[in-house]
Amino acid sequence: MLLCQKRGGSTEMKNYPGFILCIILSFVFQANAESSGGNLPADFRICAVRLNETPAIDGVLAEPVWNNMQGTSRFVMRDPTEGGQPSESTMVWVAYDNEALYIAARMFDSSPKSIVARLGRKDVDMNSDAFIVFLDPYHDKRSGYYFAVNAAGTYYDGVLMNDDWDDDSWDGVWQAVTKIDDKGWTAEFRIPFSQLRFQNRDKHVWGINFRRDIQRKNERDYIVFTPKDGSGFVSRFVDLVGIESINPPHHLEILPYVRTRAEYLHPEAGDPFNDGSSYSPDMGMDLKYGIGSNLTLDMTVNPDFGQVEVDPAVVNLSDVETFFEEKRPFFIEGASIFDFGSGGSSSNWSFNWSNPDFFYSRRIGRAPQGELPDYDFASIPQGAHISGAAKITGKIRNNWNIGTVHAVTRREMARYAVNGQRFRSEVEPLSYYGIFRAQKEINNGRQALGVLSSYAARNFREESLRNDINQSAFSFGMDGWTFLDKSKVWVVTGWGGFSDVRGNHARMVELQRSSRHYFQRPDARYFSVDSSTNHLRGYAGRLSLNKQKGNVILNSAFGVISPGFDINDVGFLWRADLINAHLGGGYKWTKPGKIFRYAELLGAVFQTYDFDGNNLWRGVWQHGYFEFLNYYQLYYSLAYNPVTYSNTFTRGGPLVRIPAGWERELFLETDHRKTWVFVSGTYGYYRSPQEYNNMISASVEWKPRSNLSIQVGPEMVWNHEFAQWVDSFEDPYAINTFGNRYVFANMNQRELKANIRVNWTFSPRLSFQLYAQPLISSGNYYNYKGLAYPRTYDFNAFSGNNVKLADDTYTIDPDGGGPSRSFEFDNPDFNFRSLRGNAVLRWEYRPGSTLFLVWTQNRSESVVDGAFAFNRSVERLWNAAADNIFLLKWTYWWNL
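Bear in mind the structure is a predicted one, so any value in this text is a computation, not a measurement.

Engineer: Please set out the overall build of the chain residue by residue, giving values where relevant.
Structural biologist: Across its full length, the chain holds 5 helices and 48 strands. Computed over C-alpha atoms, the radius of gyration of the chain comes to 29 Å, within 12% of the 29 Å expected from 2.2 N^0.38 for 896 residues, which places it in the range of a compact globule. With the C-alpha coordinates of the chain rotated into their principal frame, the extents come out at 100 × 70 × 55 Å. For the chain, the residues scored as buried account for 56% of the 896 residues in total. Here the contacts in the chain between residues at least 6 apart in sequence split such that 67% fall between residues at least 24 apart. Approximately 38,200 Å² of the chain is accessible, and the part contributed by carbon and sulfur atoms is 53%. The chain carries 92 positive and 100 negative side-chain charges, and their two centres are separated by 4 Å.

See the structure below:
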């Protein structure tokens, strides 16, 4: 459910080339006035009344308190008509006792039978009538919580941050019940103070806001809202007064679990470590404790993450690591406090720039990094077990936000067999991970300054692991923002940091030569491989200036990542050695017209260099988004990239010239309120008739019943590469390319995949989810060639008798009988088929206590064959042996 604005903003653009948009100076420097988002009197307050007896949370507003106290009915429409009078009236009452906050809402409706009440699992938007409560208990006008329930009783909750953003990863334990009657519908909330963080005072002043959704009319009514040409949400909340003589509870929550897991796999014949089945009972515990009035301690012992959704299958032909989202509850809850470098600004564009992530929690418990000797069979742990982890998050006095995570993963051993003999070897050392975050908000959030540091350390018992894994890694960064004017129209956001990675000489050489750095490049001037060092150091930073209010917007940034910067022990970095900048802007039409309900046109120019001054990427980009009066949405983008150079194309070799190219994208979405929802689009990139990429996708969602949703999203990709990387080989006679042969080939890739989701909800506490992803991907390599000269896109073809294929191995004589030696490589053609998914039955049998039943299946097959044959691939995939995993997990929540 989109409550205000998701992290990063609705106009966040990542990795798009840019198109110049002239910004007329008289518009750029205007200070656009905006409405208050409700035009409320300056002294408007909402008063909470202390209760003498606890109301029943049943959705029936029969208690005297709801009938005798004065409520709030002063709502204003944001959508579809900004500032308009709501089509239906709403009344809200707020009360409290020593334990909780109580909120009752009566949503009057002139046509109760038309109320849209769709049942879904928690935090999944069902496009239903809903009522949302927003709270800012710290009254810092930047952060808070939201609690929502739709007309069918589906729960939503999360946190608010950075004034404009929300995050649904936080899960509280609270109650809400709804009822539909002949007047409309009602909602009754009980929000325990134990779920909130606030200052310890005699008299409290909080921020509060409400929203009502009337789905059939696409209507959103608020007490106060963010104008469509403005920014800032929490800072606009009205004051909630009247709460007195309550104390933030020192609550203790304990959540033990018991789990049993059964695996039925299909190992290779003769595997001594796997007979096809295994059973592993387990147990552990999570603990949450309130420290003082503002901090929360989370601890976990032997955590289990078995019930989460599987990662999608990916065919990655690049030299860049695939990024997967975190899905483990312990790490995603409260993760927003560790956001770094993006605060202040409500929208952060980037072009050919991926902001380094100083804390990527999937590094904790990652797959073992150590290598084994050659083996016939092996049993390797899927991930390093987390012996224990602790996290402290919250806000202390004077608006300091703090967070820290500490985790220890145990030493992992792998078993392997060679010629019938069995061995054991350490593949992951005992490891410690620590992250600390602090941020001080100044002058009511107009400025802020923060720090974030991370540290990883390993204890090696197996000396050979020192060649594979860093001994330690440290990073430190500072970030902040400042608004340049009282209206918060202009904001400067920035961050800077450094890293220090340590290990033995062999490991540091390997790190310098990795795909993030490529220090071995023969034509690099700024750096080279240092075989005598035991550390690698670097720095990075970014500064942006944005205009984020008014119809005219401006977005600009400048950033650098030095060649030696590396944070991948605890964080995530795609690429180092970058100097990047962009300048963009656009115009928004926020008032409905004869055709469009909303429209925006955006554009930008951008440029990227490396530290040697090579022009790596540049371009012009233009984007348009249109929402029609019938709530259909259309968006497109166009881009042109002139000739540039790549310092990664040869995977550590010399520079290569990259021809100019064109990019286009077009998507159309239908009205999400309807029973059938369609999203379709296409993406393409074109350099020449021999080098282009096309993608078409479609998504169909069917909602046959109010509690059932079925979504299918197929996608087809055609990828034609003129020079796809194959391998490199030493050859002292290749004098034009620094003594190496850099081998490429034409490649035709076809890929068909689909995401299939079924959400079937039986009650607000009982739900079934199914996720499945079939994937067929093939790649046919031909016309093998070698790079002719650096800084060109010229190649010398290998042909005729110089290229031989036998037993899926290519043998190439690069100079046809000359002095150069032949080289060999495996046939790179591939045909990969995969079907993976899981089904989860989730029953919250009492608040906070859950029973999970999970079935995960994976079947895959890979052959050396570049032909895309749909019928044959589907048949072989269906007949492939399936690995099945069954899991039963029980948790029980105690609030002490």
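More follows now that the structure is in view.
Engineer: Which residues make up unusual backbone geometry, and what values do they have?
Structural biologist: For the bond from Asp 79 to Pro 80, the omega torsion is 5°, close enough to zero to count as cis. When you line up the elements, Pro 80 lands in the loop between β3 (76-79) and β4 (90-96). Residue Asp 123 is not a glycine yet carries a positive backbone phi of 70°. Structurally, the position occupied by Asp 123 is in the loop between β5 (100-108) and β6 (130-136). Relative accessible area serves as the criterion here: at 16%, Asp 123 is assigned to the buried category. Even without being a glycine, Arg 651 presents a positive backbone phi close to 50°. Within the element layout of this structure, Arg 651 appears in the loop between β33 (644-646) and β34 (656-658). A relative accessible area of 23% means that Arg 651 is categorised as partly exposed.

Engineer: Go over empty space enclosed by the protein, please, and point to the residues and values.
Structural biologist: Tallied over the entire structure, the rule returns 3 cavities of 30 Å³ or more. When residues of the lining of the second largest cavity are traced back to their parent elements, those giving at least two are β7 (144-150), β8 (155-161), β17 (295-301), β19 (386-396), β23 (430-442) and β25 (472-483). Per-element accounting of the lining of the second largest cavity gives the leading share, 4 residues, to β19. Residues of the lining of the second largest cavity, tallied by class, amount to 10 nonpolar, 16 polar and 14 charged.

Engineer: An account of the nonpolar core is needed here, citing residue identities and associated values.
Structural biologist: Ranked by internal contacts, the top residues of the largest apolar core, which has 43 residues, are Ile 103, Phe 131, Phe 189 and Phe 210. Mapped onto this core, the elements with two or more residues apiece are β4, β5, β6, β7, β8, β11 (184-192), β12 (203-214) and β14 (238-244). Setting aside residues up to four positions removed in sequence, Phe 210 forms contacts with Ile 46, Phe 75, Val 92, Val 94, Ile 103, Phe 131, Ile 132, Val 133, Phe 134, Asp 221, Tyr 222 and Ile 223. Counting residues in each nonpolar core, the second largest holds 21 residues, with Leu 602, Trp 617, Ile 658 and Phe 795 among its members.

Engineer: Lay out the confidence of the model for the chain with the relevant residues and their values.
Structural biologist: Of the residues in the chain, 95% have a pLDDT of 70 or more, and the chain-wide mean is 90. A low-confidence stretch, residues 1-35 (pLDDT under 50), is modelled with 132 contacts involving residues beyond four sequence positions or located in other chains.

Engineer: Please give an account of the packing of aromatic side chains that cites residues and values.
Structural biologist: The relative placement of two aromatic rings is captured by the distance of their centres and the angle of their planes. Under the defined criterion, the tally for this structure stands at 68 aromatic pairs. Between Trp 676 and Trp 702 the ring centres are 5.3 Å apart and the planes differ by 15°, which places this aromatic pair in the stacked class. A residue pair is termed long-range when its members are at least 10 positions apart, and Trp 676 in strand β36 (residues 676-688) and Trp 702 in strand β37 (residues 691-705) qualify at 26 residues. When its relative accessible area of 42% is taken as the criterion, Trp 676 is described as partly exposed. An aromatic cluster is built from Phe 131, Tyr 145, Phe 147, Tyr 155, Trp 170, Trp 174, Phe 189 and Phe 210, whose rings are joined through pairwise contacts. In this structure, Lys 395 packs its charged tip against the face of Tyr 138, placed 5.3 Å from the ring centre. Note that Lys 785 overlies the ring of Phe 722, its terminal NZ or CZ placed 3.7 Å from the centroid.

Engineer: Account for the side chain of Lys 547, with residues named and values stated.
Structural biologist: Tracing the sequence through the fold places Lys 547 in strand β27 (residues 535-547). In this structure, Lys 547 is buried with no salt-bridge partner, the nearest side chain bearing the opposite charge being Asp 229 at 8.6 Å. Side-chain polar atoms of Lys 547 contact the backbone oxygen of Val 552, separated by 2.6 Å.

Engineer: Give a detailed account of the pairing of strand β26 (residues 490-502), specifying residues and quantitative values.
Structural biologist: Looking at chain direction, β25 and β26 are connected through 12 bridges and run antiparallel. What sits directly across from Gly 477, in β26, is Gly 497. In sequence, β25 turns back onto β26 through a hairpin of 6 residues, with Lys 488 there showing a positive phi of about 60°. When β26 meets β27, the two strands line up antiparallel, connected through 13 bridges. In the strand pairing of β27, Trp 490 is matched with Lys 547.

Engineer: I'd love a proper account of the sheet that holds strand β18 (residues 377-379), names of residues and values included.
Structural biologist: Whether parallel or antiparallel, the strands of a sheet pair through hydrogen bonds between backbone atoms. Spatially, the 3 strands line up as an open sheet ordered β18-β21-β22, and their pairing is antiparallel. Looking along the sheet, the strands with just one partner apiece sit at the ends: β18 and β22 (421-428). Adjacent strand axes in the sheet meet at a mean angle of 25° when their direction is disregarded. Across 7 bridges, the pairing between strand β21 (residues 412-418) and β22 is antiparallel. Bridging from a neighbouring strand, Tyr 416 pairs with Phe 423 of β22.

Engineer: Lay out the environment of Ala 105 in plain terms, naming residues and giving numbers.
Structural biologist: One can find Ala 105 in strand β5. Between the alpha carbons of Ala 105 and Trp 490 there is a distance of 38 Å; along the sequence they are 385 residues apart.

Engineer: Which residues make up a nonpolar patch on the surface, and what values do they have?
Structural biologist: A cluster of nonpolar side chains, namely Tyr 455, Phe 474, Phe 498, Tyr 526 and Tyr 539, defines an oily patch on the protein surface of about 490 Å² accessible area. With respect to the secondary-structure elements, Tyr 526 resides in the loop between α4 (505-512) and β27. The class for Tyr 526 is partly exposed, based on a relative accessible area of 47%.

Engineer: Could you give an account of the sheet that holds strand β42 (residues 803-806), with specific residues and numbers?
Structural biologist: In spatial order, the strands read β42-β43-β44; together these 3 strands make up an open sheet with antiparallel pairing. Two strands bound the open sheet, and with one partner strand each, they are β42 and β44 (823-826). Between one strand axis and the next, the sheet turns through 25° on average, direction left out of account.

Engineer: Describe α4, and please don't skip the residues or the numbers.
Structural biologist: Of all the residues in α4, the buried ones are Arg 507, Met 508, Leu 511 and Gln 512. Buried residues of α4, viewed axially, fall in a sector of 135°; they line one side. Looking at the packing, one finds that the buried side of α4 touches β26 and β27.

Engineer: How would you sum up the pairing of β44? Please name residues and give values.
Structural biologist: Strand residues, when the strand is regular, have side chains that alternate between the two faces of the sheet. Of the two faces of β44, the one lined by Phe 823 and Phe 825 is fully buried and the one lined by Glu 824 and Asp 826 carries no buried residue. In this sheet, β44 lies alongside strand β43 (residues 809-812) in antiparallel orientation, the contact comprising 4 bridges. Following the sheet pairing, Thr 811 is matched in β44 by Glu 824.

Engineer: Describe the environment of Val 656, listing the residues and the values that go with them.
Structural biologist: Mapped onto the fold, Val 656 is located in strand β34. Since its relative accessible area comes to 0%, Val 656 is described here as buried. Through-space distance from the C-alpha of Val 656 to that of Pro 272 is 48 Å; in sequence the pair is 384 residues apart. The contact partners of Val 656, leaving out residues within four places of it in the chain, are Thr 644, Tyr 645, Ser 646, Phe 649, Thr 650, Leu 787, Arg 791, Thr 792 and Tyr 793.

Cut-offs used in this document
Each residue is numbered by its place in its chain's sequence as written, counting from 1. Only residues with pLDDT of at least 70 get local features here, since the model is predicted, and only at 80 or more are side-chain atom pairs given and counted; chain-wide, interface and lining totals rely on the full set of residues. Side-chain numbers come from the whole structure's heavy atoms, not from hydrogens or water. Elements are defined by DSSP. Helices are runs of H or I of four residues or more, strands are runs of E of two residues or more, and each kind is numbered from the N terminus. Radius of gyration here is computed from C-alpha atoms only, and the compact-globule reference equals 2.2 Å multiplied by the residue count raised to the power 0.38. The classification of residues rests on relative accessible area computed with a 1.4 Å probe and restricted to protein chains. Under 20% of the type maximum is buried, over 50% is exposed, and intermediate values are partly exposed. Between two residues, a contact is recorded if the distance between any of their heavy atoms is within 4.5 Å. Every accessible area reported is derived by Shrake-Rupley at a probe size of 1.4 Å, with residue values counting cover from the shown protein chains alone. We score Asp and Glu as negative and Lys and Arg as positive, and we do not count His or the chain ends. Where a charge lies is defined by one atom per residue type, namely NZ (Lys), CZ (Arg), CG (Asp) and CD (Glu). Definitions used throughout: a 1 Å grid over protein atoms alone; a cavity as a set of points that fits a 1.4 Å probe which cannot get out; a pocket as an open set with protein on both sides within 12 Å along at least five of seven lines; a lining residue as one with an atom within 4 Å of a point. Grid points are joined across faces, edges and corners, and a volume is the space filled by probe spheres set on the points. Under the scheme applied here, ten amino acids are nonpolar (Ala, Val, Leu, Ile, Met, Phe, Trp, Tyr, Cys and Pro), four are charged (Asp, Glu, Lys and Arg), and all others, including Gly, are polar. Side-chain atoms within 4.5 Å link the members of a nonpolar core, which is a set of buried Ala, Val, Leu, Ile, Met, Phe, Trp, Tyr and Cys residues. In predicted models, pLDDT denotes the confidence assigned by the predictor to each residue on a 0 to 100 scale. Pairing of aromatic rings covers Phe, Tyr and the six-membered ring of Trp, with a centre-to-centre limit of 6.5 Å; geometry is then stacked below 30 degrees between planes, edge-to-face above 60, and tilted otherwise. Charge-over-ring contacts are defined here by two conditions on Lys NZ or Arg CZ: a distance within 6 Å of the ring centre and an angle within 35 degrees of the ring normal. Put simply, a salt bridge is a Lys or Arg side-chain nitrogen that is within 4 Å of an Asp or Glu carboxyl oxygen. Within 3.5 Å is the distance limit for a polar contact, defined as a pair of N or O atoms, with the added protein rule that one can donate a hydrogen and the other accept it, and that residues adjacent in sequence qualify only through two side-chain atoms. Only strands that DSSP links by at least two bridges are regarded as paired with each other. To obtain each axis, a line is fitted to C-alpha atoms, and for helices this fit is confined to the stretch in contact; angles are then taken between N-to-C directions over 0 to 180 degrees. Each patch is built from residues lacking any salt bridge and having more than 30% relative accessible area; the joining distance is 9 Å for like charges and 5 Å for nonpolar side chains (Val, Leu, Ile, Met, Phe, Trp, Tyr). It is the directions from the helix axis to the C-beta atoms whose arc is reported.

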